[in-house]
Amino acid sequence: MKRTSRRTLVAILMLMLPLCLLLSLVVGPELILPFSTTDSPQAVSNRVIIEQIRLPRALMAAIIGATLAVAGVMMQGLFRNPLADPSLIGVTSGASAGASFVIVVGAGLFGAHELLGVSFVALGAFVGAALSTWLVYRLAATATGTSVATMLLAGIAISALAGALNSFFSFIADNHMLRQISLWQMGSLSSASWQRVIWAGILLGGLLCWFPRYAQALNALLLGESEARHLGIDVDRIKVQIIVLVALVVGIAVSLTGTIAFVGLVTPHMVRLLIGPDHRGLIPCSALAGAILLMLADACSRFLLAPGELPIGVVTAALGAPFFLSLLHRQRAQIVHMGGA
Amino acid sequence: MLTLDHIDLLAGDVPILRGVNLQVAAAEVVVVLGPNGAGKSSLLKVASGELQPDAGRVMFNGHSLGELTPAQKALHMAVLPQQSLLTFPYTVEEVVQLGRTPHDSGRQLDAVIVEQALRATDVHFLHQQTYTHLSGGEKQRVQLARVLAQVWQQEDDWSRLVILDEPTSALDYAHQQLVVHLLRERSQQGCGVLTAMHDLNLAAQCADKLVLMCCGEVRAVGSPDEVLQEDLLQEVFQVRFHRVIHPQSGRPWLVN
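On a predicted model such as this, the values are computed, not experimentally measured, just so you know.

### A short note on the overall build of chain B
And then number 1: When you go through chain B residue by residue, the secondary structure sums to nine helices and twelve strands.
And then number 2: Whereas a compact globule of 256 residues would reach a radius of gyration of roughly 18 Å, chain B reaches 18 Å, a difference of no more than 12%.
And then number 3: C-alpha extents for chain B along the principal axes are approximately 50 × 45 × 35 Å.
And then number 4: The buried share among the 256 residues of chain B stands at 48%.
And then number 5: Taking contacts inside chain B between residues at least 6 apart in sequence as the whole, the part at least 24 apart equals 67%.

Right, dumping it as structure tokens:
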């Protein structure tokens, strides 16, 4: 397939981003056209809906989408596997277990209080994410460096453990808690408030700016770890830094919006198909594409069942899974075509 | 330029290398020979710093290899492993460009070097192709181009070295000859070459110095003429060779 140049794709995505933002302000249970200048009560209430509900929500979708997509790029590069995603190192399952713990056990202790606009459930999710990543990392770290293969296996084991904890909490939960747990796990952007968006913007935006500096190292890492070392990359240090950064941003993202599947897996894939695997283009383009995708998915989730709302995790998975399967199918067809090369 | 001094290497309790000494001078082609499991690859890995020896030391340009940072080392030493693991759809040109990662030599010079390396290994006609779609031999030549591009020209007063683990294993006859000539040419440009090979005649053609290994030890070191002795080869390889002189090159040629 003919590749698009990196610059062209950045330009296209930069153009699409504001359009999608505008779209997600218009679309919802009620279509609200922007720039209405009348002062009727209807127009005033519409303006409030846009300013206080839709805008922070769309911005949150953009920030989280960009974060998950970039985290996916980093993991796929680090594990040299296009099927890797952040949940591999146990972040997501740890966050789920942490959230369930707080929902079931913590409800009695803290009630529904918030700390600086962030609920205790979010804090629990973040602690769970951090804990499980730390465990996975400790299991894979040896004196001679971190083994990526061991890390993969440790990630599976810790994810299973966190899953068991999660099931246990669901088991002892009452009906109301159970609904809360399952809603949290499907992910939602409905809790986006200006306060949370500002938090997310500062933390995630700041951390995301750090990622492009790993582009060259990841490019070399795709050749293999020892090849990267021979190209002058301090592989062991970079591995640790990337894992910590990814755990941090995904932990924050998941604790703010719950688990949102497939964005981190599919976005880097799509971008790679268009511009190739060079991380100097892949990281910024994936960030933009992830932001656009999640804003669109969120708009869908509000529109499809209006006035109700589909959990966004359902939308991303429902859109992502068929896309992913078609991708696999195409890749297989290509391999057969190439005579097994 | 590169000196291995009394190297011992263990895998668990099993000795892989025992008391190995080796010198590679600047602009010298050194070929390591030996049967499977003789320790050729391990020797190359110790020389490249990928494996830490259990005893002995490795000096590179007058410095202990372990004390150099990866970035310092990569400016002067490039390594081609036996197999490539690359499964991402880079173009051939991008793969070779990765060879310039350690250098800060600017896009223009890098492009010139990359093109020269692509032509030298006869893969320039593939430069826009996707690496993962190539044949095994083509991939091997692309990786060779990447490694050569890394040490294509002199950076400072340090000598350069390429370490190649069986660079001709997947190549046809024409390209085996091409690589032999290329290695000779690179060494004339001042780049030392340390390579493992299986083909005795190819080794005899390109080597200044041969290192014959057996069971983790160096059995013989010297010019092709000194090392390629019928009795010695029979002892190491368990095969009877007959030695003649190549009518054109005047170097030893082995027939079995």
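Now that the structure is up, let's keep going.
### Structural notes on the overall build of chain A
And then number 1: Helix and strand counts for chain A come out as 13 helices and four strands.
And then number 2: Counting the 341 residues in chain A, one finds 48% classified as buried.
And then number 3: The contacts in chain A between residues at least 6 apart in sequence include a share of 79% that link residues at least 24 apart.

### A short note on the sheet that holds strand β3 (residues 29-33) of chain B
All names here are of chain B.
And then number 1: Here we have six strands laid out as an open sheet, ordered β6-β7-β8-β3-β9-β10, and mixed in their pairing. The strands lining the two open edges of the sheet, one partner per strand, are β6 (77-80) and β10 (217-222). Strand-to-strand twist in this sheet, taken as the mean axis angle between neighbours without regard to direction, amounts to 15 degrees.
And then number 2: For strand β9 (residues 209-214) and β10, the ladder comprises five bridges, and the chain directions are antiparallel. Paired with Leu210 across the strands is Gly222, a residue of β10.
And then number 3: Contacts from helix α5 (residues 136-150) reach β6 and β7 (160-165), with the element oriented near 170 degrees to β6.

### A few points about the packing of helix α7 (residues 194-208) of chain A against helix α10 (residues 235-257) of chain A
Residues and elements named next belong to chain A.
And then number 1: Across the interface, α7 lies against α10 with an axial gap of 10 Å and an inter-helix angle of 165 degrees. Between α7 and α10, the crossing angle belongs to the class labelled roughly antiparallel. The handedness of the crossing between α7 and α10 is left-handed. Packed against α7, whose contacting residues are Arg196, Ala200, Leu203, Leu204, Leu207 and Leu208, the element α10 presents Leu245, Leu248, Val249, Ile252, Ala253 and Leu256 at the interface.

### Section: α7 of chain A
And then number 1: For α7 of chain A, built from 15 residues, the straight-helix expectation of 21 Å at 1.5 Å per residue is met to within 8% by its first-to-last C-alpha distance of 20 Å.
And then number 2: For α7 of chain A, every residue scored as buried is listed here: Arg196, Val197, Ala200 and Leu204 of chain A.

### Regarding the interface of chain B and chain A
And then number 1: Taken together, the 21 residues of chain B in the interface contact 20 residues of chain A.
And then number 2: Broken down by secondary-structure element, the contributors of at least two residues to the side of chain B that touches chain A are α2 (70-74), β6 and α3 (92-98) of chain B.
And then number 3: Considering every element that reaches the side of chain B that touches chain A, the biggest residue donor is α2 of chain B, with four residues.
And then number 4: Here the residues of the side of chain B that touches chain A are counted per class, giving 13 nonpolar, five polar and three charged.

### Concerning the pairing of strand β4 (residues 55-60) of chain B
Residue and element names in this part refer to chain B.
And then number 1: Pairing of strand β1 (residues 2-11) with β4, which is carried by five bridges, proceeds in the antiparallel orientation. Bridge pairing links Asp5 to Arg57 in β4.
And then number 2: Inspection of the sheet shows β4 paired to strand β5 (residues 63-64) by two bridges, in the antiparallel sense. Pairing of Met59 across the sheet is with Ser64, part of β5.
And then number 3: Between β4 and the antiparallel strand that follows it, β5, lie two residues; Asn61 among them carries a positive phi value of about 50 degrees.

### A look at the environment of Leu55 of chain A
All names here are of chain A.
And then number 1: Here Leu55 shows up in helix α2 (residues 41-78).
And then number 2: Sequence separation between Leu55 and Ala192 is 137 residues; the distance between their C-alpha atoms is 9.3 Å.
And then number 3: Leave out the neighbours within four places in its chain, and Leu55 touches Leu25 and Ile50.

### Concerning the sheet that holds β1 of chain B
Residue and element names in this part refer to chain B.
And then number 1: Across the sheet, four strands lie side by side as β2-β1-β4-β5; this open sheet has antiparallel pairing. A single partner strand is all that each edge strand has here, and the edge strands are β2 (14-24) and β5.
And then number 2: Contacts from helix α1 (residues 40-48) reach β1, β2 and β4 within the one sheet, and its direction differs from that of β1 by about 120 degrees.

### Concerning unusual backbone geometry
Note: most peptide bonds trans; most residues except glycine with negative phi.
Residue and element names in this part refer to chain B.
And then number 1: One non-glycine residue, Ala27, adopts positive backbone phi at about 60 degrees.
And then number 2: Relative to the helices and strands, Ala27 resides in the loop between β2 and β3.
And then number 3: Classification of Ala27 as partly exposed rests on a count of 17 C-beta atoms within 10 Å.

### A look at α5 of chain B
A turn of α-helix holds 3.6 residues, and therefore any two residues three or four places apart point the same way.
And then number 1: Over its 15 residues, α5 of chain B extends 22 Å from the first C-alpha to the last, a length consistent with the 21 Å expected when each residue adds 1.5 Å.
And then number 2: Extensive coverage of α5 of chain B is indicated by the burial of 13 of its 15 residues.

### Observations regarding the confidence of the model for chain B
And then number 1: A residue-level look at chain B finds 100% of positions with pLDDT of 70 or above and a mean pLDDT of 93.
And then number 2: The complex model carries a pTM of 0.88, and its ipTM stands at 0.92.

### As for the packing of α2 of chain A against helix α11 (residues 263-275) of chain A
Residues and elements named next belong to chain A.
And then number 1: One way to put it is that α2 packs onto α11 with a least axis distance of 7 Å and a crossing angle of 70 degrees. With respect to their mutual orientation, α2 and α11 come out roughly perpendicular. Each of Gly65, Leu68, Ala69, Ala71, Gly72, Val73 and Gln76 in α2 lies in contact with α11, whose residues at this interface are Val263, Gly264, Leu265, Thr267 and Pro268.
And then number 2: Partitioning the contact of α2 with α11 into residue classes produces seven nonpolar, five polar and no charged.

So, how was this worked out
- Along each chain, numbering runs from 1 in the same order as the chain's sequence is written.
- The lettering of chains begins at A and the numbering of ligands begins at 1, in the order of writing.
- Given that this is a predicted model, residues contribute local features only at a pLDDT of at least 70 and side-chain atom pairs are listed and counted only at 80 or more, while totals for whole chains, interfaces and linings are drawn from all residues.
- The helix count covers DSSP runs of H or I at least four residues long, the strand count covers runs of E at least two residues long, and both are numbered beginning at the N terminus.
- Each radius of gyration is computed over the set of C-alpha atoms, and the globule rule expresses the reference value as 2.2 Å times the number of residues to the power 0.38.
- Counting other C-beta atoms within 10 Å of its own, a residue is labelled buried from 20 upward, exposed at 12 or fewer, and partly exposed in the gap between, with every C-beta atom placed from the backbone.
- Here contacts are defined at the residue level, using C-beta atoms placed from the backbone and a cut-off of 7 Å between them.
- DSSP calls a pair of strands paired once it identifies at least 2 bridges connecting them.
- As a rule, the C-alpha atoms of each element are fitted with a line to give its axis, helices using only the stretch in contact, and angles between N-to-C directions run from 0 to 180 degrees.
- Angle categories are assigned with fixed cut-offs, so that under 35 degrees is roughly parallel, over 145 is roughly antiparallel, 65 to 115 is roughly perpendicular, and the rest are oblique.
- Two helices cross in a left-handed way if the nearer one is turned anticlockwise from the farther one by less than a right angle. They cross in a right-handed way if the turn is clockwise.
- One less than the number of residues in a helix, times 1.5 Å, gives the span that helix is expected to have.
- In this classification, the charged set is Asp, Glu, Lys and Arg, the nonpolar set is Ala, Val, Leu, Ile, Met, Phe, Trp, Tyr, Cys and Pro, and all remaining amino acids, among them Gly, are polar.
- pLDDT gives the predictor's per-residue confidence on a scale running from 0 to 100.

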